[in-house]
Amino acid sequence: MKCNFADTLLQCYFDGELSGRAAAGFERHVQHCAHCATELVDLDLLRGSLQLTQLYKPAPASLRRTINAYIHPVAPSKAVSQPLLWHWLAAAAAMLLIGIVLWKASPGLRSDDYQAELAGEIVDAHVYSLLPGHLTSTSSNDEQDVKGWFKGKLTFALPIRDFANDGFALQGGRLDVVGERSVAVLVYARPEHLINVFIWPTRERDTSPRVGSRQDYQWIDWRKGKIEFCIVSDGPTADLQQLQRLFTK
Ligand SMILES: [Zn+2]
């Protein structure tokens, strides 16, 4: 089955269009995704053959490191004997079963865990994006320009809208990695602060907006029409709520 990252981040990574954080997230993913690793090798071979033509551009050094790490993984220092391995596998299976039972029995806890983990990842991504040069891969106030940049990079219809007339001017967009997901990000500016809107496809049902805060940053998360949204900023919660209403209008 084709990997979601292959449809979204892979080509951007290969073309050097990802921010450092997203590139690092993708490289972690490639360590255990045979599909993406194979596609990267294919792209590298293609680029190698193009080296003979005038179209050649050198591949980034980080790509070679990633592919080498995949092709030559670190060998285990000591082989585990068969009976011991069997015991470990049985114990792991039992733990997994207990985990599934507990997980099924506690939907509330599950939702809270998800929110906490998501908030941590999203706030990290937001803070990183504020470092110079990491906010947007395409910088434009024009909806069509931003749409053009995302074309072919996503597996879902991204609702790209400029809300400048309502005080939220579109600044551009980028692709990012949050947890194990590739996500689209739209950036909006208020006079005092920047707002990141993280958007990705989901299979879960619609939810009403949930507001939270973490390390002086506010976030609002909701799902609508098989798309999940998470707005984050250090601005006042009222601003985030206003933008949330604009998105759902
Ligand atoms: Zn992959």
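Residues numbered from 1 in each chain as written. Predicted model: local features only at pLDDT ≥ 70, side-chain atom pairs only at ≥ 80, totals over all residues. Heavy atoms only, no water.

Details of the overall build of the protein
Just so we agree on the cut-off: Secondary structure elements are defined from DSSP: runs of H or I of at least 4 residues count as helices, runs of E of at least 2 residues count as strands, and each element is numbered from the N terminus. For every residue, the accessible area (1.4 Å probe, protein chains only) is compared with the maximum for its type, and the residue is labelled buried under 20%, exposed over 50%, or partly exposed between those bounds. Any pair of residues with heavy atoms lying within 4.5 Å of one another is described as a contacting pair. Each accessible area value is a Shrake-Rupley result obtained with a 1.4 Å probe; residue values ignore everything except the protein chains displayed when judging cover.
Scanning the protein from N- to C-terminus turns up 8 helices and 7 strands. Buried residues in the protein amount to 39% of all 249 residues. Contacts spanning at least 24 positions in sequence make up 59% of the contacts within the protein whose residues lie at least 6 apart. By element, 57% of the accessible surface of the protein is carried by carbon and sulfur atoms, the whole surface being about 14400 Å².

Overview of the coordination of the zinc ion
This is how it is decided: Water is absent from the atoms considered, so a metal site may look incomplete; donors are defined as N, O and S atoms within 2.8 Å of the metal, or 3.2 Å for Na, K and Ca. Under the classification used here, a metal with four donors is tetrahedral if each angle lies between 85 and 135 degrees, square planar if opposite donors are over 155 degrees apart and the others between 65 and 115, a six-donor metal meeting that same test is octahedral, and anything else is irregular.
Looking at the metal site, the zinc ion is ligated by Cys3 (SG), His29 (NE2), Cys33 (SG) and Cys36 (SG), spaced 2.1 to 2.3 Å from it. Considering all 4 donor atoms around the zinc ion, angles at the metal cover 97 to 116° and the coordination shape is tetrahedral. All donors of the zinc ion come from a single chain, and their spacing in sequence reads C-x25-H-x3-C-x2-C. With a relative accessible area of 5%, His29 lands in the buried category.

Points about the sheet that holds strand β5 (residues 207-214)
Operational definition: DSSP calls a pair of strands paired once it identifies at least 2 bridges connecting them. Every angle, taken between N-to-C directions, lies between 0 and 180 degrees, and every axis is a line fitted to C-alpha atoms, over only the stretch in contact when it is a helix.
Pairing within the open sheet is antiparallel, and its 7 strands lie in the order β1-β2-β3-β4-β7-β6-β5. Across the chains shown, the open sheet's two edge strands, defined by having one partner strand only, are β1 (138-139) and β5. Pairing between β5 and strand β6 (residues 217-224): 6 bridges, direction antiparallel. By the bridge assignment for β6, Arg214 is matched with Tyr217. Helix α1 (residues 4-14) contacts β2 (169-178) and β3 (181-189) of the sheet and is inclined by roughly 115° relative to β2.

Details of helix α3 (residues 34-50)
Helical geometry: 3.6 residues make up each α-helical turn, so side chains three or four residues apart lie on a common side. What counts, and what does not: To estimate the expected span of a helix, count its residues, drop one, and scale the result by 1.5 Å. For this quantity, the arc is that covered by the directions from the helix axis to the C-beta atoms.
The end-to-end C-alpha distance of α3, which contains 17 residues, comes to 24 Å, matching closely the 24 Å that a straight helix rising 1.5 Å per residue would cover. When α3 is considered as a whole, its buried residues turn out to be Cys36, Ala37, Leu40, Leu43, Asp44 and Arg47. Taken down its axis, α3 places every buried residue within 125° of arc, on the same side.

A closer look at the packing of aromatic side chains
For any pair of aromatic rings, the description rests on two quantities: the centre-to-centre distance and the angle between the ring planes. Applicable threshold: A pair of Phe, Tyr and Trp rings is counted when the ring centres sit within 6.5 Å of each other, with Trp represented by its six-membered ring. The angle between the planes then sorts it: under 30 degrees is stacked, over 60 is edge-to-face, the rest tilted. Over a ring means this: the NZ of a Lys or the CZ of an Arg is within 6 Å of the ring centre and within 35 degrees of the ring normal.
Per the counting criterion, the structure on display carries 9 aromatic pairs. For the pair Phe5 and Phe26, a centre-to-centre distance of 6.4 Å together with 15° between the ring planes defines the contact as stacked. Of the two residues, Phe5 sits in helix α1 while Phe26 sits in helix α2 (residues 20-30), which places them 21 residues apart along the sequence. Linked through ring pairs, Phe163, Tyr188, Trp222, Phe229 and Phe247 together constitute an aromatic cluster. A cation over a ring is seen here: Lys153 above Trp149, with NZ or CZ 4.2 Å from the ring centre. Directly above the aromatic system of Phe168 lies the positively charged group of Arg190, at a separation of 4.3 Å from the ring centroid.

Limitation: the analysis is restricted to geometry and does not speak to function.
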